Structure formats: C-alpha cells, structure tokens
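Residue-level structure breakdown
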Amino acid sequence: MNLFEKVSQIRRSAAEKDKLLNQASLYHDSHLPTLWLLGKTGAGKSSLIQAITGNTEAEIGKGFRPCTRTARRFSFPKSKPVLQFLDTRGLSEAGYDATEDIKICSKQGHALIVVMKMGDTEQGDVLRAIKQIKSSQKISNFLLVHTAAHSIPDCQERERLARYNHQQLVEALGSDVTAVVVDFKLADGGTDGMQDLLNALSDMLPIVTVLLRKKQDSDAEARTFQELQTKLLWYSGVSAVSDIVPGIGLVAVPGIQWKMLSDLADSYGTKWSKATLAELLGALGAGIGVRYSLKFGTRQVVKFLPGWGQTVGAASAAVMSFCTTYAIGRVACKYMYHKNRDEDVSDEELRALFYAAFDSVQSLASQDAPFGGEPDCVAQAVNATSASLESEPNIVSD
Ligand SMILES: Nc1nc2c(ncn2[C@@H]2O[C@H](COP(=O)(O)OP(=O)(O)OP(=O)(O)O)[C@@H](O)[C@H]2O)c(=O)[nH]1
Ligand SMILES: [Mg+2]
C-alpha cells in the first residue's frame, strides 16, 4: 500500500466504509449460486427446497420474492444468504419464455433441476422450456429428480416410468443427464433417496457440499460453529466481490472482516478488544498472511509474496479474500468458544485449523462464487500463504 492509499484509507469515514460494505453485499446477494427448479405445478419443487434447507413449507412460502415475470426466488438463509433457489412459475402458460430466467441464472454458479413426479409422463411444457434453455448455451448443469417414487409401489413399473421420463429429457437436451429417484414424503414421515440427491447437487454446486457436510461431528465446538457457518460464508463472499464491484476495491476487505469478527463475537456473547485480537493473531503466528489481510486487505498479502505481485489478477485476489476471510472467521470461532470456557487451545491447533478452513472452501471460492477463479491460482495461493506464515514471519511489521 503506498502512502496515498494508506492516508486515504485512514481518512475514509465509518459512513463511507458502511456504504462500501453495503455495495459489496448488494452485489453479492444479487449474484448468488442458484438452484433453478423447473417442473409442472405439483411436481415437488417446494418439497425439494424444504428437504434441502430444512425450512418448513410455511417459511418457504413467506421467503419467496418475485424475481422475473415467470419465476420467484428464495434466498437461503433469508438473512446473509449464500444460495438461492429459483422457482419457475407459469410453465403451463402458453408460450412460456425462459429468457429472463436464463439471464438470472447465467450470472453465477448454477444448476437446473428438472422435477418430474413419478408416473406423470405428460411433460410437454417442461420439455419445450428445456429445449429453449439448452439452446441458449448459458446453462450447463442439469439434473433430473423423479419425486414421489413410492407412489408407484411396483419396482419394475417405477423403473419403467422413470426411464420413460429420463429418455424424454435426454432427447430434449440432446445429451445424457444424471437422474435421481427420491421420495420426500413416505408414509412413515421419512424420506428416500436424499443422499443421492445431495451427492448429485454437491457435484454441480460446491456450496451445497459445504452447507450440507454431514453434521456428525462429535466435537461440541465444531457443532456450535455449524450454526454460524453460513454467516461466515456470507462475509467471505462479500469480501471476495469487493474487488469486482467498481469503486470498492480490496481496501474494503479489512472492514468486512472486522464486521464479521464483531458479528461472530455477538453470537458468542463476547466482544473483541485490542488485546484479545492481538492474542488471536499472535497465536496464528507472526505471519503476514493473517495480519495483513486483517489490516490492509488480501492484495497486500499477495503483493509481499515472492512472484505474486505481478501475476495475480482480480479473480485470484478475490479467491484469496474469500478463503482468508473464512479461515480467520473459523479460527476466531474456536478461539472465542474456548476462551468463554476458560479452556486452553494451543497455537498449533489454531494454525492447523486456519489451513484446514482455508482448504475446505477453495473449490467453493473458485467455482460457485460470482468472481470465478482458476484452481491453479488457488492452490498457489494456499501454498504461498502457508509458506509466508511459516517462514517469513518478519517481512512486515505492524
Ligand atoms: N408422497 C410424496 N408427495 C410429494 C412428493 N413431492 C411432493 N409431494 C406432494 O405433492 C404436492 C405438491 O408438492 P409441491 O412441493 O408443493 O409442488 P410444487 O412443484 O412446488 O408445486 P407448485 O408450487 O404448485 O408449482 C404436495 O402435497 C407434496 O406434499 C414426494 O416425493 N412424495
Ligand atoms: Mg411450489
């Protein structure tokens, strides 16, 4: 950061910083990874959203907002969202035109889920829409979900019906497509085929993997963190878009990270002081990676790593911002959890968690997010950050 940048950052008022944060969050929230649901009325689109998010039918009903003339969107979670569902309406209207809905989806990572109720072979409207969507060449991830599988008790008949609809879709797409068979409402209140559905969705949209990673952790700290994870992903996404939105720039990243830390502290019923923050950063090591990303934004980390200054473009800086913000937040959660209980947590543990957290969201940062990114650069970023934390602790002083 040159002197001019430093001075202008200091002079930036709190109101200006809030304005930048608002701009970044608006951009982020209007470019969310999207699961687009297409299917006849009653096919099971809302049931699918409910099964994935765990939200009740009533909450989903309230959460939908009009989006285009033919679709409504449902953001998840409602506040600080990291994923959205696009629910197509009006398929049965004569001449459904998918143009507007395609536009919404082509802005960011997306997958189109075609929902067909088992045994309903009248899919003309859906197939017409699919042909239009396919020919736009804007949507590349498709998944077929056969719902209400158990409404056809005979297994062979079920298979035959599933095959028939699958074949119809393959013909409309002109290529093969993954299909899963589910039932969201068994007689005993359970579901069937959920794991297959989640696996298929995770393959298409990494955010689903992160959100739905099995909550089987026996560690109480990790379970507490699960509740806050989407919040962390939101702040990470907002800091990542900072460099994409004109007029914001990476100088906004430290402000966003600070807001995140304050927000997380509220959740743990605590507050940051200079001393506690210094203690956490000290525990992570005197590496420039963490210290700099908090103080000046990720670009400065990049700049001080040999070879990075010249080669890293905005996309990679954004990926770095995403991963670093997430990793700092994750470590802060563990730190606060144990501090609240007067329990010791070793520096090594915190450092290992920082790397693991950084690693765990790499694919997410480079694929789903609105800024895109190149996996090779991400891998380099991790290596570079790790190297800086371990071997170059004194490159930059506070
Ligand atoms: N048994 C069973 N019922 C299902 C399944 N999926 C949906 N249903 C039922 O089918 C009805 C319609 O499901 P929805 O999820 O509301 O369908 P939708 O596609 O959202 O319909 P619209 O909002 O009208 O477009 C509801 O009564 C659901 O409970 C399923 O897998 N099994
Ligand atoms: Mg519905």
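The structure contained in this document is the topic of the report that follows. (Residues numbered from 1 in each chain as written. Chains lettered and ligands numbered in written order. Predicted model: local features only at pLDDT ≥ 70, side-chain atom pairs only at ≥ 80, totals over all residues.)

Describing the overall build of the chain
When its secondary structure is counted, the chain shows 19 helices and seven strands. Sorting the 398 residues of the chain into buried and exposed places 42% on the buried side. By sequence separation, contacts in the chain at least 24 residues apart represent 72% of the contacts at least 6 residues apart. (Helix = DSSP H or I, 4+ residues; strand = E, 2+ residues; numbered from the N terminus. Buried ≥ 20, exposed ≤ 12 C-beta atoms within 10 Å, placed from the backbone. Contact = placed C-beta atoms within 7 Å.)

Overview of the sheet that holds strand E1 (residues 34–38)
Taken in spatial order, the seven strands make up an open sheet running E2-E3-E4-E1-E5-E6-E7, and their pairing is mixed. On the outer flanks of this sheet lie strand E2 (64–66) and strand E7 (178–181), each paired with one strand and no other. Within this sheet the neighbouring strands show an average axis-to-axis angle of 25°, counted without direction. Here E1 pairs with strand E5 (residues 110–117) via five bridges, running parallel. (Pairing = 2+ DSSP bridges. Axes fitted to C-alpha atoms, helices over the stretch in contact; angles between N-to-C directions.)

Thoughts on unusual backbone geometry
Cis geometry is found at the peptide bond from Phe76 to Pro77, where omega equals -10°. Among the secondary structure elements, Pro77 is positioned in the loop between strand E3 (71–76) and strand E4 (83–88). Positive phi, close to 55°, is recorded for Lys80, a residue that is not glycine. Structurally, Lys80 is set in the loop between E3 and E4. A positive phi angle, close to 50°, is found at Ala148, a residue other than glycine.

A short note on the nonpolar core
Core analysis: the biggest nonpolar cluster contains 93 residues, and Ile113 and Val114 have the highest contact counts within it. Top element by residues in this core is helix H16 (residues 314–340). It accounts for 14 residues. (Core = buried A, V, L, I, M, F, W, Y, C linked by C-beta atoms within 7 Å.)

Description of the environment of Asn199
Of note, Asn199 is situated in helix H8 (residues 194–204). Asn199 sits in the partly exposed class, given 14 other C-beta atoms within 10 Å. In the structure, Asn199 is positioned ten residues away from Thr209 in sequence and 7.9 Å away in space, judged by C-alpha atoms.

What to know about the environment of Leu281
One can find Leu281 in helix H12 (residues 274–284). For Leu281 and Val331, which are 50 residues apart along the polypeptide, the C-alpha to C-alpha distance reads 9.8 Å.

Observations regarding the pairing of strand E6 (residues 142–147)
Where burial is concerned, most of E6 is hidden: six out of the six residues are buried. Burial along E6 is two-sided: Phe142, Leu144 and His146 facing one way and Leu143, Val145 and Thr147 facing the other are all buried. Taking the sense of rotation as the criterion, the β-α-β connection linking E5, helix H6 (residues 124–136) and E6 turns out right-handed. Each parallel crossover has a hand, and the one from E6 via helix H7 (residues 155–173) to E7 is right-handed. (Right-handed = clockwise from strand over helix to strand, strands pointing away.)

Some thoughts on the packing of helix H2 (residues 14–29) against helix H10 (residues 220–241)
Closest axis-to-axis distance for the H2/H10 pair is 8 Å, and the angle between their directions is 105°. On the basis of the axis angle, H2 is roughly perpendicular to H10. Counting all contacts with H2, which are made through Ala24, Ser25, Tyr27 and His28, the residues of H10 involved are Gly237, Val238 and Val241. Residues of the contact of H2 with H10, tallied by class, amount to four nonpolar, three polar and no charged. (Parallel < 35°, antiparallel > 145°, perpendicular 65-115°, else oblique. Nonpolar A, V, L, I, M, F, W, Y, C, P; charged D, E, K, R; others polar.)

Topic: H8
Every buried residue of H8 is accounted for by Leu197, Ala200, Leu201 and Met204. Axial view of H8: buried residues confined to an arc of 95°, hence all on one face. (Arc of directions from axis to C-beta.)

Let's talk about the packing of H2 against helix H11 (residues 252–267)
Direction vectors running N to C along H2 and H11 enclose 85°, while the axes themselves pass 10 Å from each other. In terms of axis orientation, H2 runs roughly perpendicular to H11. Residues Lys17, Leu20, Leu21 and Ala24 of H2 form the contact with H11, whose own contacting residues are Ala252, Gly255, Ile256 and Lys259. For the contact of H2 with H11, the per-class residue count stands at five nonpolar, one polar and two charged.

A short note on the pairing of E1
Of all five residues that make up E1, five are buried, and the element is covered over most of its length. Here E1 shows two buried faces, one formed by Thr34, Trp36 and Leu38 and the other by Leu35 and Leu37. Sheet topology note: the E1/E4 ladder contains four bridges and is parallel. Bridge pairing in E4 places Leu37 opposite Asp87.

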